[in-house]
Amino acid sequence: DLGAAVFVPFLMLIVGLAMKMKFRDAFTSALTLGIAFTGMGILVNFIMTSMGSAANDLTTHTGLSLPAVDIGWPGAAAISWAWPYAFLVFPLQLAINFIMLITKQTKT
């Protein structure tokens, strides 16, 4: 329930330490990532609230139906990591990759 701005940097801190980064460098990188996720969350919320009414008016006046908003990968990453079960995907992905390597289902 901590959200992407806390969980992802925590994961990256652990990964950085596992890759033998100095704690200070890993912490600084994790903190920067947390700030970036917070900023992206604020930006996505701002865009959705400020552009939402304009998009609705465009639909009403022109008859266009535009059901998707392209926010790019940073916004999508912030939204994805905000999902309550996102923390389960990371270890699941590692397990799947490990199994694929053991069973030689991938060439790396």
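Residues numbered from 1 in each chain as written. Predicted model: local features only at pLDDT ≥ 70, side-chain atom pairs only at ≥ 80, totals over all residues. Heavy atoms only, no water.

**Q** Summarise the overall build of the protein; cite the residues concerned and give the values.
**A** In terms of regular secondary structure, the protein is built from 4 helices and 0 strands. In the protein, the succession of α and β elements from N to C terminus is α-α-α-α. Projecting the C-alpha coordinates of the protein onto the three principal axes gives extents of approximately 55 × 40 × 25 Å. The buried share of the protein, reckoned over its 108 residues, is 14%. A separation of at least 24 residues holds for 60% of the contacts in the protein among residues at least 6 apart in sequence. Per element, the accessible surface of the protein, about 8,600 Å² overall, is 71% carbon and sulfur. (Helix = DSSP H or I, 4+ residues; strand = E, 2+ residues; numbered from the N terminus. Buried < 20%, exposed > 50% of the residue type's maximum accessible area, 1.4 Å probe, protein only. Contact = heavy atoms within 4.5 Å. Areas by Shrake-Rupley, 256 points an atom, 1.4 Å probe, with all protein chains shown as cover.)

**Q** Let's hear about the packing of helix α1 (residues 4–18) against helix α3 (residues 72–82): which residues, and what values?
**A** One can describe the packing of α1 onto α3 by two numbers: an axis separation of 9 Å at closest approach and a directional angle of 95°. In this view, α1 runs roughly perpendicular relative to α3, as classed from their interaxial angle. In this structure, α1 contributes A4, F7, V8 and L11 to the contact, and α3 contributes A78, W81 and A82. Grouping the amino acids of the contact of α1 with α3 by side-chain chemistry returns 7 nonpolar, no polar and no charged. (Axes fitted to C-alpha atoms, helices over the stretch in contact; angles between N-to-C directions. Parallel < 35°, antiparallel > 145°, perpendicular 65-115°, else oblique. Nonpolar A, V, L, I, M, F, W, Y, C, P; charged D, E, K, R; others polar.)

**Q** Give me helix α2 (residues 23–62): which residues, what numbers.
**A** Taking 1.5 Å as the rise per residue, α2 with 40 residues should run 58 Å; its terminal C-alpha atoms sit 55 Å apart, in good agreement. At M51, α2 shows its largest kink, close to 40°. All buried positions along α2 are accounted for by A26, A30, G34, F37 and V44. Where α2 is buried, its residues touch α1 and α3. (Expected span 1.5 Å × (residues − 1). Bend = angle between axes of the 7 residues up to and from the residue.)

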